[in-house]
Amino acid sequence: MPEAYQPFAVTILVPCGGDALEPASVDIDLPNNAIVVGARSGDFVCPLNPKLVNIMGLPDGTYSVERKFPANDFVDQVYGSLTVTPAPPTQPVFAFYNGAIGHYFITASVAEKDSLLGGGGGGGWAIVDEGFNAWPADGPAPDAAKPVCRFYSAAVNSHFYTAGPNECELLKQPSSGWTYEGIAFRALVPTQGSCYPGTVPVWRLYNDRFAQADSNHRFVTSADTYRHMIANGRIGEGVAFCSPED
C-alpha cells in the first residue's frame, strides 16, 4: 500500500490498437475518493490490454479505481479499491510580520513563535495569517517531503527558506552573504508546477529590495493575497511548497 503523498502506479485495462488507445488522463475525485482514468475510445472487439498509470500521490484514504471513456462520459469499469496509508502528523508553520521593519518571517518552532510573541527578535512581531502545514525537521515525515533549508543574512536582517537542493547548496557558499541555519522543516513541493491533490499551494513573494539591502520574502496560501501583493509591487516567485489541508 502506498503512503500518503508518495507516487505510485495502478494497472487498468484499455482496448488494444496502439498508442491512440493509451490512457488519456487521470482525474482524482477527492469528494468521492475515486481515481478515474480516462481512456480514449477504442474497438471493444479488440482484446483489452493492461496499462500502467502513474499517480503523483494522494492523501490517505481508500479509493476506488475506475475507468471512463470521455466520448461516452460514464464510468464503464470499476477495478476495485486501493488504500493509501496515513502520513505522519503535520505541524504548523507560523507566519509573522513586523510593521516596524516591513519584514515577514516564518518558523515551525513553537519555542521561537512564543519568543517572538513575547517580544523577542527585537520586538514588534505579530502573527499575520494562518501559515501552513509541514513536517518537523527531525521527526517522522513522508518520503515525498523535502528538507527546507533556512538561511539568515545580517546584511538585510532577513531569513530565507528553500526546498530546492541546488538553491540550498548555492546559498551555503561563503560568497552568497547568507548563513545556513539548518533544516527548518520538511515540506511537499510541487511536481511540474502542480501540488498534490488534498494540498494547497504555498506561494513565495519577494520584495525586490536587494539594491536597498532590505531583501525579504513572504509565503502565503491565499491566492487573493498573492495577487494583491504582486499588484502592490512584490514579485511573485510561484509555488514554493504544498501544504496538506490537515
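As shown above, the structure is provided for reference.
Residues numbered from 1 in each chain as written. Predicted model: local features only at pLDDT ≥ 70, side-chain atom pairs only at ≥ 80, totals over all residues. Heavy atoms only, no water.

Right, let's talk about unusual backbone geometry for a bit. Even without a glycine there, the phi angle at Tyr5 is positive, about 70 degrees. Residue position: Tyr5 is located in the segment before strand 1 (8-15). Notably, Gln192 is not glycine yet its phi reads approximately 50 degrees, a positive angle. Its location among the elements puts Gln192 in the loop between strand 12 (179-187) and strand 13 (199-206). (Helix = DSSP H or I, 4+ residues; strand = E, 2+ residues; numbered from the N terminus.)

The next point concerns the packing of aromatic side chains. The full count for this structure, using the stated rule, is 13 aromatic pairs. Aromatic side chains Phe185 and Phe241 sit 5.7 Å apart centroid to centroid with 75 degrees between the ring planes, which places their arrangement in the edge-to-face category. Taken together, the residues span a long stretch of sequence, with Phe185 in strand 12 and Phe241 in strand 15 (residues 235-244) at a distance of 56 residues. Classification of Phe241 as buried rests on a relative accessible area of 1%. One aromatic cluster is present, built from ring pairs that chain together Phe132, Tyr161, Phe185, Phe219 and Phe241. Just above the ring of Phe94 sits the side chain of Lys113; from NZ or CZ to the centre is 5.0 Å. (Phe/Tyr/Trp six-rings, centres within 6.5 Å; stacked < 30°, edge-to-face > 60°. Buried < 20%, exposed > 50% of the residue type's maximum accessible area, 1.4 Å probe, protein only. Lys NZ or Arg CZ within 6 Å of the ring centre and 35° of its normal.)

Where helix 1 (residues 110-117) starts, the residue carrying a side-chain oxygen 3.4 Å from the main-chain nitrogen of Ala111 turns out to be Ser109. Phi for Gly119, located one or two positions after helix 1, is positive at around 105 degrees. (Polar contact = N/O pair within 3.5 Å; in protein donor to acceptor, adjacent residues only side chain to side chain.)

Moving on, we get to the sheet that holds strand 7 (residues 91-98). Sheet strands associate in pairs through backbone hydrogen bonding, adopting either a parallel or an antiparallel arrangement. Reading across from one edge, 8-7-9 is the order of the three strands in this open sheet, with antiparallel pairing throughout. Each edge of the open sheet is held by one strand with a lone partner, namely strand 8 (103-107) and strand 9 (125-134). Across the sheet, the mean angle separating the axes of adjacent strands is 25 degrees when strand polarity is ignored. Here helix 1 sits on the sheet in contact with strand 7, strand 8 and strand 9, set at roughly 25 degrees to strand 7. (Pairing = 2+ DSSP bridges. Axes fitted to C-alpha atoms, helices over the stretch in contact; angles between N-to-C directions. Contact = heavy atoms within 4.5 Å.)

Right, let's talk about the pairing of strand 10 (residues 146-153) for a bit. The two faces of the sheet receive side chains in turn, since in a regular strand these alternate between them. Here strand 10 runs beside strand 12; their pairing, made up of seven bridges, is antiparallel. Residue pairing in the sheet places Cys149 in a bridge with Ile183 of strand 12. Alignment of strand 10 against strand 11 (residues 158-162), held across five bridges, turns out to be antiparallel. By the bridge assignment for strand 11, Ser153 is matched with Ser158. Counted between consecutive antiparallel strands, the loop separating strand 10 from strand 11 contains four residues, among which Asn157 sits at a positive phi close to 50 degrees.

Applying the stated rule across the entire model yields two disulfides. Cys195 shares a disulfide with Cys242; S-S distance 2.1 Å. Taking the sign of the S-S torsion, -85 degrees for the link of Cys195 and Cys242, the bridge is left-handed. On the criterion of sequence distance, the pair formed by Cys195 in the loop between strand 12 and strand 13 and Cys242 in strand 15 is long-range, its members being 47 residues apart. With a relative accessible area of 1%, Cys242 lands in the buried category. (Disulfide = S-S within 2.5 Å.)

Following the sequence through the fold, Thr107 ends up in strand 8. For Thr107, a relative accessible area of 2% corresponds to the buried category. Polar side-chain contacts of Thr107 include one of 2.5 Å to the side chain of Glu112. With residues near it in sequence (within four places) discarded, Thr107 still touches Pro92, Val93, Phe94, Phe96, Glu112, Lys113 and Arg150.

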